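Summary of the model geometry
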Amino acid sequence: PRPPPAPTTPPPPPPAEDGGGDDDDVGGAPPGADGDDGDFGADEPEPELPPDAPLSIRVFHLVQFMLVLVFQILLVWMLSTPSQSRGSWGVVFLPLFIREGLALLSLLPGAFASIPAPSDDDAPLHPDPDVSREIRRLVHAQALELRSQHRRAILSLLFRVLQELLIVLKLADAPPGAKDMSWWAVLAPVWIYCGAQLSIAALMCLASQALSAQLEPPDGATDDSWMSDADRLKAAAASEAGAGGVAACCTCLCVTLVAALVAAKAQDADALPAIVIFAPLLAALGCCWCCTCVLICGFRPLDDEDGDVEAPPPPGVV
């Protein structure tokens, strides 16, 4: 008898021209290998992570942190030393002044940056001229906002440095007689800064109301479908200005209250207990904690029938 014939191996299929082929091809790449949807689900590309901060920025923030830590150590050492053996308060606050100086140097380039106006003569950013022009306007607005943020940060820093300097002069009695200055006068930069911020917050709220007044929905409108693109921009600007004004107002009121309690306690040690100074901060943290707990406990998984329920239309603009 003849031996059984040896099994023959079928020739391999020719490779696809694009190197991957479709998922249904026999010789194509496995599902998801080329980014297409396979039989086992779509393999979406992972989002690109933001680039890490340069080493110089990391070192800069580390130096700032170490300076604050050294200031806290020196402050605790000074407060734990008897008043007769205490050294100079200027040495204690020196790391803090160095930190403020480094922060000022880092903010100056952005605060005084030259931002040219957008021009149609620049290189196009999009094939459509209108889209390219709008992109230039957005980039220019972002650059202006960034420069404004740097300038506001410098203003806050100058107020902070002035406040720290007055505290040092008060504690070190330099010039002689400075220790007799009232703590309410020493904290004058806090009162001026908070007053200015409250004024700006009030202006932001007024601007929000003025923008909202320009939006007049027609009779019977139940959603924002009647809005044009300009109206939507006004509504977004009004909402952002109102939220920013309310947040700034609440922050300044909390800072003003804490500073007033600190001044009252420093002026007269028996005026009130120390725990009262931290009462506004503890109350704010307690409210945030309670709201977070309520939101977490209010979450529930969606039922199967909930997926077919149509979402209600968004509320109209008030």
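The structure displayed is predicted, hence computed values, not measured ones.

What follows is about a nonpolar patch on the surface. A cluster of nonpolar side chains, contributed by Ile275, Val276, Phe278, Leu281, Leu282 and Leu285, occupies part of the molecular surface with about 560 Å² of accessible area. Position of Leu285 among the secondary structure elements: in helix α7 (residues 279-298).

On to the pattern of salt bridges, then. Under the definition given, this model contains three salt bridges. A salt bridge links Arg160 to Glu100, with the shortest nitrogen-to-oxygen separation between them at 2.9 Å. Here Arg160, found in helix α3 (residues 129-172), pairs with Glu100, found in helix α2 (residues 89-111); they are 60 residues apart in sequence, far enough to count as distant. Residue classification places Arg160 among the partly exposed positions, given a relative accessible area of 36%.

Listed in full, the seven residues of the largest apolar core are Phe71, Met78, Trp89, Val92, Phe93, Leu96 and Val168. Sorting the residues of this core by element identifies α1 (55-79) and α2 as the ones contributing at least two each. For this core, the leading source of residues is α2, giving four residues. When sequence neighbours within four positions are dropped, the list of residues in contact with Trp89 reads Leu75, Met78, Leu79, Val168, Leu171 and Ala172.

The subject of this paragraph is the packing of helix α5 (residues 188-213) against helix α6 (residues 229-267). For the pair α5 and α6, the least separation of the axes is 8 Å and the interaxial angle reads 155 degrees. Our classification of the angle between α5 and α6 gives roughly antiparallel. Like other packed secondary-structure pairs, α5 and α6 cross with a definite hand, here left-handed. The residue inventory of the contact of α5 with α6, partitioned by class, reads 19 nonpolar, seven polar and one charged.

Rules of the game
- Residues numbered from 1 in each chain as written.
- Predicted model: local features only at pLDDT ≥ 70, side-chain atom pairs only at ≥ 80, totals over all residues.
- Heavy atoms only, no water.
- Patch = residues over 30% accessible without salt bridge, like charges linked within 9 Å, V, L, I, M, F, W, Y side chains within 5 Å.
- Areas by Shrake-Rupley, 256 points an atom, 1.4 Å probe, with all protein chains shown as cover.
- Salt bridge = Lys/Arg side-chain N within 4 Å of Asp/Glu carboxyl O.
- Helix = DSSP H or I, 4+ residues; strand = E, 2+ residues; numbered from the N terminus.
- Buried < 20%, exposed > 50% of the residue type's maximum accessible area, 1.4 Å probe, protein only.
- Core = buried A, V, L, I, M, F, W, Y, C linked by side-chain atoms within 4.5 Å.
- Contact = heavy atoms within 4.5 Å.
- Axes fitted to C-alpha atoms, helices over the stretch in contact; angles between N-to-C directions.
- Parallel < 35°, antiparallel > 145°, perpendicular 65-115°, else oblique.
- Left-handed = near helix turned anticlockwise from the far one by under 90°.
- Nonpolar A, V, L, I, M, F, W, Y, C, P; charged D, E, K, R; others polar.

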